[in-house]
Amino acid sequence: CSVTCGSGLQWRKVYCRLRGTGPVTEDMCDPDTRPQDYRQCWHQDCMKYQWTTGAWLDCSTSCKKKETYRLVKCMNEQNMQVNESFCDPLTKPVSIKKCKNPLCKYVVVTGDSSQCAGNCGFINPQKITYCTRTQFSKKHAFHQLQPVVYRECPVKPSPSVYKCDIGSCLHVATWKVGKWSKCSVSCGNGIMERRVECRTENGWPSDLCLKRLKPDAQKKCYANDCKLFTTCKEIQVTNNITKDGDYNLNIRGRIVKIHCSGMHLENPKEYLPLVKGEDNFSEVYGLRLQNPYECPFNGSRRQDCACKNDYLPAGYTAFSKVRVDLTSMQIKTTDLLFSQTLFGKAVPFATAGDCYSAARCPQGQFSINLAGTGMKISSTAKWLAQGRYASVIIHRSQDGTKVYGRCGGFCGKCIPHIATGLPIEVL
């Protein structure tokens, strides 16, 4: 079945065969006895699944805690947790983020015990090292540099150091950093650098700083002021490109992957590649109730309904790319260049209908899924009901990337409203 839930289609290959010979042309078989090459299929009703998030764990004031996290679960309609595969991975909320704690600066205090009165209580001279945080004033640095019991300290203070006259014999060294340089590129991905040195309090170079506490001297940067092309025509003319393909265009300030078609022609066209191709289809349902004033089975599809299968406009079209007009920011729904009509007649994008029932029981469907494309359907998009007893049911996702519609009548359909078309926006 073409779907994992709800109503879908099944296909099989049907051909004319002559015993002892194999496949032959279809006109050699009786057309009245030709079996169907497709049929409706139904899986259980589609359950709605959505992501839920817990509260972020407290970053606290820990110097080592660089990131925090929260629980992200996939829940069904009964608010029960299910496997994450049921929810859309593209809409999954982030579960990890960096903590915004101020960078802790450690001061490493070191000295020779022989420099202190009474050898600091040691029998033999030895090196004394401990650390504290830089929470002292410049005027009274030595007076306030007391060893602290602090679990984040990378060096465990020696209790013997308390016996020393800190102000007279110990020296302070810490990492000093300069300002970040400008990004190494004027456009795209680059690197920023800064000077990182270990210095004593008097400004002399030192090797006493702990390497594990050394701040980064480089970090990545991105300059987004690149001059990107805004149309396929610009790419064609500027770079003398005649090959169709996917290119990154600057659409209203966002970089979006666009397929350029007809690059060898005077006016190439832009198409939006659909990441979720299987979720982009339009259907005009073919079955018609013998009693059009009923809505059997609570409106769900059933192959065993009292129906005729004779609605001539019926068809099912799937889309892998859709034509976009980047000037008006509209999807051109009747452009079927990158579509496949799986049976019947071609159906435009975002269109559905049937001739099933006059009792507000629509069976025609369309599905739009722009997740992963960088675009969404504008909230101003509306659908127009056409025909007799036409009814329209539209569902939209909160972020605007998905729209699902059920439309029909006796006979009826829905199309994007003539006044608004099918407007799109960048995310």
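Computed from a predicted structure; not experimentally measured. (Residues numbered from 1 in each chain as written. Predicted model: local features only at pLDDT ≥ 70, side-chain atom pairs only at ≥ 80, totals over all residues. Heavy atoms only, no water.)

A. Representation of the overall build of the protein. Check the secondary structure of the protein and you find three helices and 33 strands. For the protein, restricting intrachain contacts to residue pairs at least 6 apart in sequence, the fraction spanning at least 24 positions comes to 63%. Here the protein displays about 25900 Å² of accessible surface, and carbon together with sulfur accounts for 51% of that area. (Helix = DSSP H or I, 4+ residues; strand = E, 2+ residues; numbered from the N terminus. Contact = heavy atoms within 4.5 Å. Areas by Shrake-Rupley, 256 points an atom, 1.4 Å probe, with all protein chains shown as cover.)

B. Structural detail: the pattern of salt bridges. Under the defined criterion, the tally for this structure stands at 10 salt bridges. Residue Lys402 is joined to Asp88 by a salt bridge in which the shortest nitrogen-to-oxygen separation is 2.5 Å. Placement of the pair is Lys402 in strand β31 (residues 402-408) and Asp88 in the loop between β8 (81-82) and β9 (96-98), with a sequence separation of 314 residues. What makes Lys402 partly exposed here is its relative accessible area of 24%. Since its relative accessible area comes to 14%, Asp88 is described here as buried. A network of salt bridges, in which partner residues are shared, links Glu26, Arg34 and Asp37. (Salt bridge = Lys/Arg side-chain N within 4 Å of Asp/Glu carboxyl O. Buried < 20%, exposed > 50% of the residue type's maximum accessible area, 1.4 Å probe, protein only.)

C. Spotlight on the environment of Phe281. In this structure, Phe281 sits in strand β19 (residues 281-284). Between the C-alpha atoms of Phe281 and Thr341, which are 60 residues apart in sequence, the distance is 9.4 Å. Aside from chain neighbours lying at most four places away, what touches Phe281 is Tyr316, Thr317, Ala318, Phe319, Gln365, Phe366 and Ser367.

D. Up close: the state of the cysteines. The tally for this structure, following the rule as stated, stands at nine disulfides. Residue Cys355 pairs covalently with Cys411 via a disulfide, S to S 1.6 Å. For the disulfide bridge between Cys355 and Cys411, the dihedral angle about the S-S bond is near -50 degrees, and by the sign convention the bridge is left-handed. With Cys355 in the loop between β26 (352-354) and β27 (364-369) and Cys411 in the loop between β31 and β32 (412-416), this pair connects stretches of sequence that are 56 residues apart. (Disulfide = S-S within 2.5 Å.)

E. Region of the structure containing helix α3 (residues 232-239). When we look at burial in α3, the residues that qualify are Cys232, Ile235 and Gln236. The arc that holds every buried residue of α3, seen down its axis, measures 100 degrees, which confines them to one face. Among the exposed residues of α3, those pointing more than 90 degrees away from its buried face are Val237 and Thr238. Its buried side turned inward, α3 meets β16 (245-251), β17 (254-261) and β18 (269-273). (Arc of directions from axis to C-beta.)

F. Local environment of the environment of Phe343. Turning to its location among the elements, Phe343 is positioned in strand β25 (residues 339-344). Sequence separation between Phe343 and Tyr38 is 305 residues, and the spatial gap between their C-alpha atoms is 8.2 Å.

G. Quick peek at the nonpolar core. Ranked by size, the top nonpolar core spans 33 residues in total, and within it Ile368, Ile377, Trp383 and Leu422 carry the most contacts. Of all the secondary structure elements, the ones that give two or more residues to this core are α3, β16, β17, β23 (321-325), β27, β28 (375-377), β31 and β33 (424-426). Those residues within four positions of Leu422 in sequence are excluded, and the remaining contacts are Met329, Gln330, Ile331, Thr333, Phe349, Ala350, Ile368, Ile377, Ala381, Trp383 and Pro416. Core analysis: the second largest hydrophobic core is formed by seven residues, Tyr285, Leu287, Leu289 and Tyr356 among them. (Core = buried A, V, L, I, M, F, W, Y, C linked by side-chain atoms within 4.5 Å.)

H. Representation of the sheet that holds strand β5 (residues 50-53) in the model. Taking strand neighbours across the sheet as the criterion, the three strands line up as β5-β7-β8 in an open arrangement whose pairing is antiparallel. The open sheet has two edge strands, β5 and β8, and neither has a second partner. (Pairing = 2+ DSSP bridges.)

I. Spotlight on the confidence of the model for the protein. Per-residue confidence for the protein gives a mean pLDDT of 81, with 78% of residues at or over 70. Confidence drops under pLDDT 50 across residues 135-151; counting only partners more than four residues distant or on other chains, this segment forms 34 contacts. (pLDDT = per-residue confidence, 0-100.)

J. Region of interest: the packing of aromatic side chains. A full pass over the atoms with the stated rule returns seven aromatic pairs. Judged by centre distance (4.2 Å) and plane angle (20 degrees), the ring pair of Tyr38 and Phe343 falls under stacked. A residue pair is termed long-range when its members are at least 10 positions apart, and Tyr38 in strand β4 (residues 38-43) and Phe343 in strand β25 qualify at 305 residues. Residue class for Tyr38 comes out buried when judged on its relative accessible area of 19%. Given a relative accessible area of 10%, Phe343 falls into the buried group. (Phe/Tyr/Trp six-rings, centres within 6.5 Å; stacked < 30°, edge-to-face > 60°.)

K. Just the sheet that holds strand β24 (residues 330-332), in detail. Taken together, the five strands give an open sheet; going across it, the order is β16-β17-β18-β23-β24, and neighbouring strands pair in antiparallel fashion. Strand pairing shows two members of the sheet lacking a second neighbour, β16 and β24, which therefore form its edges. Taken pair by pair, the neighbouring strands of this sheet meet at an average axis angle of 50 degrees, ignoring direction. Relative to β23, β18 runs antiparallel, the two being bridged by three bridges. Across the sheet, the residue bridging to Pro273 is Lys321, located in β23. Lying over the sheet, α3 contacts β16, β17 and β18, oriented at roughly 75 degrees with respect to β17. (Axes fitted to C-alpha atoms, helices over the stretch in contact; angles between N-to-C directions.)

L. Inspection of unusual backbone geometry at higher detail. With an omega of 0 degrees, the peptide bond running from Phe410 to Cys411 counts as cis. A positive phi angle, close to 60 degrees, is found at Asn79, a residue other than glycine. Of note, Asn79 is situated in the loop between β7 (72-75) and β8. What makes Asn79 exposed here is its relative accessible area of 54%. Even without being glycine, Phe297 reaches a positive phi, approximately 60 degrees. Tracing the backbone shows Phe297 in the loop between β20 (288-289) and β21 (307-308).

M. Region of the structure containing the side chain of Ser357. Relative to the helices and strands, Ser357 is located in the loop between β26 and β27. Setting aside anything within four residues of it in sequence, one finds Ser357 in contact with Leu289, Pro292, Glu294, Gly409 and Phe410.

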